[in-house]
Protein chains: 2
Amino acid sequence: MQAVLGIAGQSPSGLEGAIQAWRDALGSEFVVTGRAELEAAQTTTFRTEQRVPAILRPANRQQVQDCVAIANRFRVPIYPVSTGLNWGYGSRVPDTDGCAVVELIRMNRIVDFSEELAYVTVEPGVTQAQLFRFLQERKSRLWMDATGGSPESSLIGNTVERGFGHTPYGDHFANSCAYEVVLPNGDFLETGFARFGNAQAAESYRWGMGPVLDGLFTQSNLGIVTRMTIWLMPAPEHFQAFYFRVDDDEALAGVVNALRPLRMDGTLRSAMHIANDYKIMASMRSYPYDVTGGATPLMPEVMKTFRKELSCGAWNGSGALYGTRRQVAEARRLVKRALRGKINKIQFLDDFMLRVAGRFAKPLGALTGWDLSGALELVRPVYGLTKGIPTTHSLKSCYWRHRSVPANLNLDAGDCGLFWCAPVTPAEGGHTKAVARIAYDVVLAGGFEPMLSITLLTERSASCVISLAYDRRIPGEDDKAEACYKRLLRMLAEHGYYSYRLGVQGMEQMNGGGGYNRFLRELKATVDPNCILSPGRYNP
Amino acid sequence: MQAVLGIAGQSPSGLEGAIQAWRDALGSEFVVTGRAELEAAQTTTFRTEQRVPAILRPANRQQVQDCVAIANRFRVPIYPVSTGLNWGYGSRVPDTDGCAVVELIRMNRIVDFSEELAYVTVEPGVTQAQLFRFLQERKSRLWMDATGGSPESSLIGNTVERGFGHTPYGDHFANSCAYEVVLPNGDFLETGFARFGNAQAAESYRWGMGPVLDGLFTQSNLGIVTRMTIWLMPAPEHFQAFYFRVDDDEALAGVVNALRPLRMDGTLRSAMHIANDYKIMASMRSYPYDVTGGATPLMPEVMKTFRKELSCGAWNGSGALYGTRRQVAEARRLVKRALRGKINKIQFLDDFMLRVAGRFAKPLGALTGWDLSGALELVRPVYGLTKGIPTTHSLKSCYWRHRSVPANLNLDAGDCGLFWCAPVTPAEGGHTKAVARIAYDVVLAGGFEPMLSITLLTERSASCVISLAYDRRIPGEDDKAEACYKRLLRMLAEHGYYSYRLGVQGMEQMNGGGGYNRFLRELKATVDPNCILSPGRYNP
């Protein structure tokens, strides 16, 4: 592929020249070539072979343009990341060998904010935690949306990968606009009305005038997004989360079908999540090696025996209601009505109850019939996520197969094995069930546990995030997990279930789209004739 | 420009050759060159000079590809329209001279439909009226969204121009996916997951995998959309429309600021419309030449004297509430609370009340204090629009300056003068007021009436559609109206208010976007090296 991509001519002196030029442009300290740092950049949560010759840390858009110009001059490809915490999908590791990683962490300014129109304009280095603090400090009445990923991950990074969170603003791409993009030819552009210097509605109206380009720069190697406006949500007058449990393994389809109409009619304004027992267990404790006598995987019949201890069901839903007290009360009535007879237990929770529960977990458990004390540790961070509060909690489940969880949750440290696979289905129970079945079959046969989290992502679609967590220190596990992941991706595609997002480990699935792929290749050749930007990424 | 666009070499024999080749490909009857039909295609609601040498009517995607291939071979540009009823923006008239118009009216199949997942997949010839009939015939519980434009206008045509309607699915582009697009090089592609032949979620999940291309083919000359999936809305359990009146000319800003939070928090799920008195009057009756002694324009102080007769205020709002009975009741409470002290009269209306009102307009008027009999004629079609029912009603206002409205509402017949200008503002009262002031100043000074309809289009943006209606039969009026429109567009841009959509009459406003425009030109040169597709359209 490299010859095709036009970097066959790259010589050591090409790379050396580029590094010197980057040093001149950015300052030496911001061009990293130390062995330890490069090895860290080459390390993700699964085995990769790609080597990284340098890490560049530009400070502003002009310096990003300089990096691009130098990459073109010396024909050395670059791979931009925001903060690079793209865990489960390849972190900072480029899709192809020999790319200098461009880290945008120094571009971490919040450049605009409107309380009234509820938006914030950020650079790629701005993290979830940073925006959360910013809003707290201003005593803003606005909520951000947060993913279950690291609080230190980039807002722009997640948005350009089209990630999603847990509030009504959970579809990040759908709630962003006014991108500033550096093109692989060194030029830059602004999307929407933002291109007109005096535009009043650049941050509030998304489509602008003329062709809408935003989508072109998401899941893409056509440009580097260096600024973006992100919409925020006014805090509702009242908020209530809810959690339900389904004991029957076969009941998933009915639950999805019962919830879809509520998603469609606006009663459920945010993405609902439904996790299976494996996913719950992994977020609460580590693998029960003692029970299995060290054997893996944890088979479903053994998994079942843990449900009581974990206060969880075969399927475990979580969602939230936003509005006035009456709106929330009515939504609550409708959710209960829709789920009646389809679930075993539903529990609503708000700030007041959570405070009480923290103090009187056991008495409240006696009162409500549901033991909150066991679930509280799990519930609190999930509850926070539905209010847009970032948390490290979900990351613990990645160490499920480890005997202990490190204090520093850096998944790229080398021990943590993790693949994420996220097929999309229509929000229809038969499809959800079909994907779950494939996941169970393939993942268990591959020697791992099928941890599933099904998200009712939009009014009519669902995404099933399948986590494959393992211990990289065990010889052979990298091979086994990779084979399992590839088989999973292939089997899902054979049944028509494609992922909403790909990692470096599955990029070949982009192929096969006929005219779409031909168009994309033409586009790439036009805007990036030397193919210096993220070769192979979402455009193999 | 033509030389740049590569059609300088077009000779009469080029055109003749193309027409012959198109006849061979489509059949002679579908290549129209008759003088009367060509003249009709060259006629819109304002003066244009562009000539149309032929009209092509392909029957399917393959024939569209054939049309494109022949256009390339003979270097004759083509200008695709769906049904071509792009009134106020240029109808079927191409942006540049000498384009054959490709009408997609024969591609009028509804090719897929799902009651469960609430979508329909259509070809460009499918009209608003056709989809409405389709849903009625099936006794579907789904509602479509409709614009105030002609019921015979194309769903795809409106969506690719990013038009909007009146229900929660009013942002048409935001509620569409899975485009099939013929490219100017003769290839075709599918967007989203649709490119994978077996994809299950192609119609229900919009973004697919990899770069999102949909936006590239809206307001664009980069491709011809030949198929699209459009999402539909499940009919709510209960529906209630509401109308309010504001007598104080200066009260607009306060009303917009009061409504924005309700739009943002999901209480108002659909676009609210606020029309001024001119807009109301034009939709109810023709110009009062008798009162003005034949003089035009109708000055604001005279306009005011009509408000009582028309039962209208300076500003007149209309919106609707969708949900269960309790959701609607709570929304109603919130709307009333937000508008308290800011408006003079609010009236809620549902199916039951409308039936009663029809029979007992006067007694009900006595009861409610609002004379419905006068307003009923106006209200019924507006009420229908908020339920997605197409209507010809709004079109009558285009004949405001005529002494009579023709039975056949073909605005392209040559008499009807109409310009539409649609600047976008943040949904903030100061901005809305600023745009209204510019519109009043410029339009009245230009000799016309400022008919305004302000739409709270999204959670944080508003669009102000300014209609400029005149009688083309009066000598000099074409000149006067064009000058007025151009001044309006320029003044709005000077203040930072850009249009959500452009017509052939204002396409030069696309310029001035720096990198955006350079990128677009590069893209165009790549996918359309001979510039055969809609030269100059959204890419001057």
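Just above sits the structure.
Residues numbered from 1 in each chain as written. Chains lettered and ligands numbered in written order. Predicted model: local features only at pLDDT ≥ 70, side-chain atom pairs only at ≥ 80, totals over all residues. Heavy atoms only, no water.

A. Here's a closer look at the side chain of Gln-50 of chain A. All names here are of chain A. As for its placement among the helices and strands, Gln-50 is situated in the loop between helix H2 (35-41) and strand E2 (55-56). Relative accessible area serves as the criterion here: at 15%, Gln-50 is assigned to the buried category. Of the polar contacts made by the side chain of Gln-50, one reaches the backbone oxygen of Pro-94; its length is 2.8 Å. There is a polar contact of 3.5 Å between the side chain of Gln-50 and the backbone oxygen of Asp-95. Once residues lying within four places of it in the same chain are set aside, the contact partners of Gln-50 are Gln-42, Val-93, Pro-94, Asp-95, Thr-96 and Asp-97. (Helix = DSSP H or I, 4+ residues; strand = E, 2+ residues; numbered from the N terminus. Buried < 20%, exposed > 50% of the residue type's maximum accessible area, 1.4 Å probe, protein only. Polar contact = N/O pair within 3.5 Å; in protein donor to acceptor, adjacent residues only side chain to side chain. Contact = heavy atoms within 4.5 Å.)

B. A look at the pattern of salt bridges. The tally for this structure, following the rule as stated, stands at 68 salt bridges over all chains. A salt bridge links Arg-537 of chain A to Asp-95 of chain A, with the shortest nitrogen-to-oxygen separation between them at 3.1 Å. Here Arg-537 of chain A is found in the segment after helix H16 (515-527), whereas its partner Asp-95 of chain A is found in the loop between strand E3 (78-81) and strand E4 (100-103), with 442 residues between them in sequence. The exposure class assigned to Arg-537 of chain A is buried, which follows from its relative accessible area of 5%. When its relative accessible area of 13% is taken as the criterion, Asp-95 of chain A is described as buried. The salt bridge involving Asp-351 of chain B is made with Lys-387 of chain B; its shortest N-O contact spans 2.9 Å. Within this pair, whereas Asp-351 of chain B is found in helix H12 (residues 351-368), its partner Lys-387 of chain B is found in the loop between helix H13 (372-385) and strand E16 (416-421), the two being separated by 36 residues in sequence. Linked through salt bridges whose partners overlap, the residues forming this network are Glu-37, Arg-57, Arg-92 and Glu-103 of chain A. (Salt bridge = Lys/Arg side-chain N within 4 Å of Asp/Glu carboxyl O.)

C. A look at helix H3 (residues 61-74) of chain A. Residues and elements named next belong to chain A. Its 14 residues place the ends of H3 20 Å apart at the C-alpha level, agreeing with the 20 Å of an ideal helix rising 1.5 Å per residue. All of the buried residues along H3 are Gln-63, Val-64, Gln-65, Cys-67, Val-68, Ile-70, Ala-71 and Asn-72. Where H3 starts, the residue carrying a side-chain oxygen 3.2 Å from the main-chain nitrogen of Gln-62 turns out to be Asn-60. Following H3 by one or two positions, Arg-75 has its phi on the positive side, about 55°. (Expected span 1.5 Å × (residues − 1).)

D. The arrangement of helix H4 (residues 128-137) of chain B in detail. All names here are of chain B. Along H4, the positions that sit buried rather than exposed are Gln-128, Ala-129, Gln-130, Leu-131, Phe-134 and Leu-135. Buried residues belonging to H4 abut strand E5 (110-114), strand E6 (119-122), strand E7 (142-143) and helix H5 (155-160). Of the residues flanking the end of H4, it is Lys-139, one or two places downstream, whose phi is positive at about 55°.

E. Highlighting the pairing of strand E16 (residues 416-421) of chain A. Residue and element names in this part refer to chain A. Among the 6 residues that make up E16, 5 are buried, leaving the element largely enclosed by the rest of the structure. In this sheet, strand E19 (residues 461-471) lies alongside E16 in antiparallel orientation, the contact comprising 6 bridges. Along E19, the bridge assignment pairs Trp-420 with Ser-467. (Pairing = 2+ DSSP bridges.)

F. Looking closely at the relation of the copies chain B and chain A. Between chain B and chain A, the superposition needs a rotation of 180° and an axial shift of 0.0 Å, giving an RMSD of 0.0 Å. Both copies of the chain, as the preceding transformation shows, are related through a two-fold rotation axis. Both copies present the same face, since 100% of the interface residues in chain B are matched by interface residues at the equivalent positions in chain A. (Least-squares fit on C-alpha atoms with pLDDT ≥ 70 in both.)

G. Just the interface of chain B and chain A, in detail. Taken residue by residue, the interface counts 90 residues in chain B and 90 residues in chain A. For the pair chain B and chain A, the summed buried surface comes to about 7,400 Å²; carbon and sulfur atoms form 59% of the total. The partner of Glu-116 of chain A in a salt bridge is Arg-260 of chain B, and the shortest N-O contact between them spans 3.8 Å. The interface formed by chain B and chain A includes 48 residue pairs in polar contact (both at pLDDT 80 or more). Residue contributions to the side of chain B that touches chain A peak at 10 residues, all from helix H16 (residues 515-527) of chain B. Among the residues making up the side of chain B that touches chain A, the classes are represented as 41 nonpolar, 28 polar and 21 charged. (Buried area = accessible area lost by both parts, 1.4 Å probe. Nonpolar A, V, L, I, M, F, W, Y, C, P; charged D, E, K, R; others polar.)

H. Looking closely at the environment of Leu-38 of chain B. All names here are of chain B. Here Leu-38 lies in helix H2 (residues 35-41). Residue Leu-38 is classed as buried on the basis of its relative accessible area of 10%. C-alpha separation for the pair Leu-38 and Val-52, spaced 14 residues apart in sequence, amounts to 6.1 Å.

I. Structural detail: unusual backbone geometry. Pro-297 of chain A follows Thr-296 of chain A through a cis peptide bond whose omega is -10°. With respect to the helices, strands and loops of the structure, Pro-297 of chain A is situated in the loop between helix H8 (289-292) and helix H9 (300-305). Phi at Ala-178 of chain A is positive, roughly 55°, even though this residue is not glycine. Tracing the backbone shows Ala-178 of chain A in strand E8 (residues 176-182). Phi at Gln-219 of chain B takes a positive value of approximately 45°, unusual for a residue other than glycine.

J. Region of interest: the pairing of strand E8 (residues 176-182) of chain B. Residue and element names in this part refer to chain B. Burial runs high along E8: 7 of the 7 residues are buried. Relative to strand E10 (residues 224-231), E8 runs antiparallel, the two sharing 5 bridges. Looking at the pairing, Glu-180 lines up with Arg-227 of E10. As judged from the 3 bridges shared by E8 and strand E9 (residues 188-190), these two strands associate in the antiparallel manner. What sits directly across from Val-182, in E9, is Phe-188. Hairpin connection from E8 to E9: 5 residues lie between these consecutive antiparallel strands, with Gly-186 at a positive phi of about 95°.

K. Region of the structure containing the sheet that holds E2 of chain A. All names here are of chain A. As summarised here, the arrangement of the 4 strands in space is E1-E2-E4-E3, forming an open sheet in which the pairing is mixed. The outermost strands of the open sheet, each flanked by one partner alone, are strand E1 (31-32) and E3. Inspection of the sheet shows E3 paired to E4 by 4 bridges, in the parallel sense. Its bridge partner being in E4, Val-81 is matched across the sheet by Glu-103.

L. Highlighting the sheet that holds E9 of chain B. Residue and element names in this part refer to chain B. Read across the open sheet, the 5 strands follow the order E5-E6-E10-E8-E9; overall the sheet is antiparallel. A single partner strand is all that each edge strand has here, and the edge strands are E5 and E9. Pairwise comparison of adjacent strand axes, ignoring direction, gives a mean angle of 10° for this sheet. Where E6 lies against E10, 4 bridges are found, and the strand directions are antiparallel. Residue pairing for E10: Val-122 is matched across the bridge by Met-228. Sheet contacts for helix H3 (residues 61-74): E8, E9 and E10; angle to E8, the most-contacted strand, approximately 45°. (Axes fitted to C-alpha atoms, helices over the stretch in contact; angles between N-to-C directions.)

M. Up close: the packing of aromatic side chains. Residues and elements named next belong to chain A. Under the defined criterion, the tally for this structure stands at 40 aromatic pairs over all chains. Seen from their ring centres, Phe-239 and Tyr-322 are 5.3 Å apart, and the 65° between their planes marks the pair as edge-to-face. One end of the pair, Phe-239, is in strand E12 (residues 238-246); the other, Tyr-322, is in strand E14 (residues 315-323), and 83 residues separate them in sequence. In this pair, the class of Phe-239 matches that of Tyr-322, namely buried. For the pair Phe-239 and Tyr-383, a centre-to-centre distance of 5.3 Å together with 80° between the ring planes defines the contact as edge-to-face. On the criterion of sequence distance, the pair formed by Phe-239 in strand E12 and Tyr-383 in helix H13 (residues 372-385) is long-range, its members being 144 residues apart. Since its relative accessible area comes to 7%, Phe-239 is described here as buried. When its relative accessible area of 4% is taken as the criterion, Tyr-383 is described as buried. (Phe/Tyr/Trp six-rings, centres within 6.5 Å; stacked < 30°, edge-to-face > 60°.)

N. The packing of helix H14 (residues 429-445) of chain B against helix H15 (residues 477-494) of chain B, seen in detail. Residues and elements named next belong to chain B. Between H14 and H15, the least distance of the axes is 10 Å, while the angle of their chain directions is 150°. By the angle between their axes, H14 is roughly antiparallel relative to H15. In this structure, H14 meets H15 at a crossing whose hand is right-handed. Counting all contacts with H14, which are made through Val-435, Ile-438, Ala-439, Val-442 and Val-443, the residues of H15 involved are Cys-484, Arg-487, Leu-488, Met-491 and Leu-492. Split into classes, the residues belonging to the contact of H14 with H15 amount to 9 nonpolar, no polar and 1 charged. (Parallel < 35°, antiparallel > 145°, perpendicular 65-115°, else oblique. Left-handed = near helix turned anticlockwise from the far one by under 90°.)

Function cannot be read off these values alone, since they describe shape.
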